[in-house]
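Commentary on secondary and tertiary structure
What follows is the residue order along each chain.
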Amino acid sequence: MSANTAMAEKYRNSFLKEIEEQVEMGDWVKMCMQCGVCSGSCPTNFQSAWEHPPQELFMMIRAGKREEVLTTSSMWNCTSCYNCIVRCPRKLPITHIMHGIAEYAHRLGLAPKMQPTRFFSGLFWKNATQTGRVNELKLSMGLYFRNGFSAGVKEGMKMKDVALGLMKAKRLNPFEILGGHKCRDQKGIQAMLKKAYEIERSRKAAKMAG
Amino acid sequence: MAKHEYAFYPGCSSQKGASASNYLTSVESMCKTLDVKLTEIPDWNCCGASIGYAEAGELPRHVMNARNFALSEQHMPGKEIVATCAACWLGARETRERLTHSDTLMADTKEALKEAGLTINEMPEIRHMVEVLIEDIGFDEMKKHVKKPLEGVKIAGYVGCQTNRPFGVAGESFENPMYLDMMVDMVGATPIPEYDMKVTCCGGALAFSEPEKAQAQIKDIIESAYDHGAEMIVTPCPLCQANVEIYQGQINKTYGTKFNIPVMYYSQLMVVAYGGSAKDAALNGQLIRARRLEEIAAK
Ligand code: SF4
Ligand code: SF4
């Protein structure tokens, strides 16, 4: 049984409960009073990028619209600007809930496959945790070459002037591709992260069983 | 002994040859003038930034920050941690807040840290460099060192998101923080308090993943600076700086605009005003050169 089917089965009657137990800060969703301030404060929502802005997502969660919520690309448009958080009259940690729903959808394999921010988010985390520090060159290359070599060259060319400018200003180092900045205790970092994932997984599983 | 000493968390973008290396150079020179000693946390790791969320989950993200806290405590017990990057500062403060408020999360974090041979006994204070300047040093002291006031230079103070929300600088409002304008005024330049895009989001990491969306926001930020007669923009955040500066060429192509406005760090303005050289202020680190500042620095 896939992770998704298992979850859907377990929480058959309550998507809200599923969100509360499985999503970071999900237990705040029920506090929303549907005023719409978050949606009206959201910069990417101004560009009509969100199919379902935050307020609507909260309503859909309560209405049990599991499939629609977990497969939408909406919350991947969050730029972490925290405008919604500071304005929400009910003090919902909206930014974190958006990241939390996105992470959950990603964990279940339901998030839209080609969503660019989903891709970048994963790439960033891997890049940062592999050596302990971000390698900006590998990070950008990984992003441009996500759709194969020729698409990568094309996307890279679009960014050529930016990259050359940064190199000239000594703010992008082409030799980073050979390794670059890293932490000394990479082994410790890997071990510590492995443990953290283990603990987090077992806590979520316990909630599901409980 | 220096007047003010802190544990320093530079963050990935400030490393040599990285996108905000010019920020670090100017901060170092600014700190020398103000007698602030920053000691880098040995072997610090990435804060995880906001954008890692899809893979990071909750605990791994906090554990990354906690490792830096633990290293700081081990090498510099009792010292406050200072970050120059808005996102690093925010991420670390968030971790501090969550761990302080949840015994479970704290216990889990300690268990994971043990794997790296580390532990936390005391939660450090996490400060942004501008907090240190405003709260520990103060405007009067900062102003005392000004040798070459940036007279007649009109500068839009672009605060952005993450130094402003959700924590912000104490005593400032989220909608209209004034500290950056006060810093512009302090170095003798002309601030634009009515600059209406001062807390607009630059698109953050979407500038990489979905450039059209971020660039639409960046365009508004720059346009408003021009509308208010600014000849440069200043910011306290490395991602704001990079996003607003480096895509101007692409925005010009998309929108037919003619943007070419320098985007500086507050620390660069201060170094020039303190009589530092163009090199001390890392003015050569700009894609769009700040000629006015170069002239003043050369005088
Ligand atoms: S601002 Fe807060 S209360 Fe209002 S709709 Fe958004 S989440 Fe709900
Ligand atoms: S933090 Fe995310 S959801 Fe909230 S206003 Fe900003 S972009 Fe929108």
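Since this is a predicted model, take the numbers as computed values, not measurements.

1. Re the domain arrangement of chain A
Size of an interface, as often reported, equals the accessible area lost when the parts are brought together. Residues and elements named next belong to chain A. The assigned domain composition of chain A is domain 1 (3-114) and domain 2 (116-196). Between domain 1 and domain 2, a total of about 550 Å² is buried, with carbon and sulfur atoms accounting for 50% of that surface. Three residues stand out in domain 1 for area buried against domain 2, namely Trp 76, His 106 and Met 114, and they jointly supply 75% of the buried area on that side. The tally of links from domain 1 across to domain 2 stands at 0 salt bridges.

2. Points about the site of ligand 1
All names here are of chain A. Looking at ligand 1, there are 14 residues lining it, with Cys 32, Cys 35, Gly 36, Cys 38 and Cys 88 nearest. When contributions to the shell around ligand 1 are tallied by element, the ones reaching two or more residues are helix H3 (37-41) and helix H5 (54-62). For the shell around ligand 1, the class distribution of residues is 10 nonpolar, 3 polar and 1 charged.

3. Overview of the packing of helix H3 (residues 59-75) of chain B against helix H5 (residues 103-114) of chain B
Residue and element names in this part refer to chain B. Running from N to C, H3 and H5 cross one another at 70°; their axes reach a closest spacing of 9 Å. Put simply, H3 runs roughly perpendicular to H5. Both H3 and H5 take part in a crossing whose hand is right-handed. Between H3 and H5, the contacting residues are Leu 59, His 62, Val 63, Ala 66, Arg 67 and Ala 70 on the first element and Leu 105, Asp 108, Thr 109, Ala 112 and Leu 113 on the second. Among the residues forming the contact of H3 with H5, the class breakdown is 7 nonpolar, 2 polar and 2 charged.

4. Let's talk about the pairing of strand E1 (residues 4-9) of chain B
Residue and element names in this part refer to chain B. Within E1, 5 of the 6 residues are buried, which leaves the element mostly enclosed by the surrounding structure. Bridge count between E1 and strand E2 (residues 36-40): 5 bridges; the pairing is parallel. The residue bridging Tyr 6 from the neighbouring strand is Leu 38, located in E2. Handedness of the crossover joining E1 and E2 through helix H1 (residues 21-34): right-handed. Note that E1 and strand E3 (residues 81-83) share 3 bridges and pair parallel. Residue pairing in the sheet places Ala 7 in a bridge with Ile 81 of E3.

5. Remarks on the pattern of salt bridges
For the structure shown, the criterion picks out 25 salt bridges over all chains. In this structure, the salt-bridge partner of A:Arg66 is A:Glu18, at a minimum N-O distance of 2.9 Å. Remark: A:Glu18 occurs in helix H2 (residues 15-22) and A:Arg66 occurs in helix H6 (residues 66-71); sequence separation between them is 48 residues. For A:Arg66, a relative accessible area of 16% corresponds to the buried category. According to the relative accessible area criterion, A:Glu18 is buried, its value standing at 0%. Taking the shortest distance from any N to any O, the salt bridge between B:Arg127 and B:Glu80 comes out at 2.7 Å. In this pair, B:Arg127 sits in strand E4 (residues 126-128) while B:Glu80 sits in the loop between H3 and E3, placing the two residues 47 residues apart along the sequence. Residue B:Glu80 is classed as partly exposed on the basis of its relative accessible area, which comes to 25%. One network of salt bridges, in which partners are shared, links A:Glu24, B:Glu58, B:Arg61 and B:Arg98.

6. So, unusual backbone geometry
Residue B:Pro166 is bonded to the preceding B:Arg165 through a cis peptide linkage, with omega at 0°. In this structure, B:Pro166 sits in the loop between strand E5 (154-157) and helix H8 (179-186). A positive phi angle is found at A:Lys91, which is not glycine, with a value near 60°. In this fold, A:Lys91 is placed in the loop between helix H7 (83-87) and helix H8 (94-107). Not every positive phi belongs to a glycine, and B:Ala282 is a case in point at roughly 55°. In this fold, B:Ala282 is placed in the loop between helix H13 (266-273) and helix H14 (291-298). B:Ala282 sits in the buried class, given a relative accessible area of 4%.

7. Re the domain arrangement of chain B
All names here are of chain B. Domain boundaries in chain B define domain 1 (4-129) and domain 2 (146-298). For domain 1 and domain 2, the distance between their C-alpha centroids amounts to 25 Å. Counting residues at the interface gives 24 residues for domain 1 and 23 residues for domain 2. Summed over both sides, the interface of domain 1 with domain 2 buries roughly 1,900 Å², with 70% coming from carbon and sulfur. Of all residues in domain 1, Asn 22, Tyr 23 and Met 30 bury the most surface against domain 2, accounting for 27% of the area lost on that side. Inspection of the region where domain 1 meets domain 2 yields 0 salt bridges. Connecting domain 1 to domain 2 are 5 residue pairs in polar contact (both at pLDDT 80 or more). Of all elements in the fold, only H1 and helix H4 (86-101) reach the threshold of two or more residues within the side of domain 1 that touches domain 2. The element contributing the most residues to the side of domain 1 that touches domain 2 is H1, with 9 residues.

Parameters at a glance
Residues numbered from 1 in each chain as written. Chains lettered and ligands numbered in written order. Predicted model: local features only at pLDDT ≥ 70, side-chain atom pairs only at ≥ 80, totals over all residues. Heavy atoms only, no water. Domains from an automatic or database assignment. Buried area = accessible area lost by both parts, 1.4 Å probe. Salt bridge = Lys/Arg side-chain N within 4 Å of Asp/Glu carboxyl O. Near = heavy atom within 4 Å. Helix = DSSP H or I, 4+ residues; strand = E, 2+ residues; numbered from the N terminus. Nonpolar A, V, L, I, M, F, W, Y, C, P; charged D, E, K, R; others polar. Axes fitted to C-alpha atoms, helices over the stretch in contact; angles between N-to-C directions. Parallel < 35°, antiparallel > 145°, perpendicular 65-115°, else oblique. Left-handed = near helix turned anticlockwise from the far one by under 90°. Contact = heavy atoms within 4.5 Å. Buried < 20%, exposed > 50% of the residue type's maximum accessible area, 1.4 Å probe, protein only. Pairing = 2+ DSSP bridges. Right-handed = clockwise from strand over helix to strand, strands pointing away. Polar contact = N/O pair within 3.5 Å; in protein donor to acceptor, adjacent residues only side chain to side chain.

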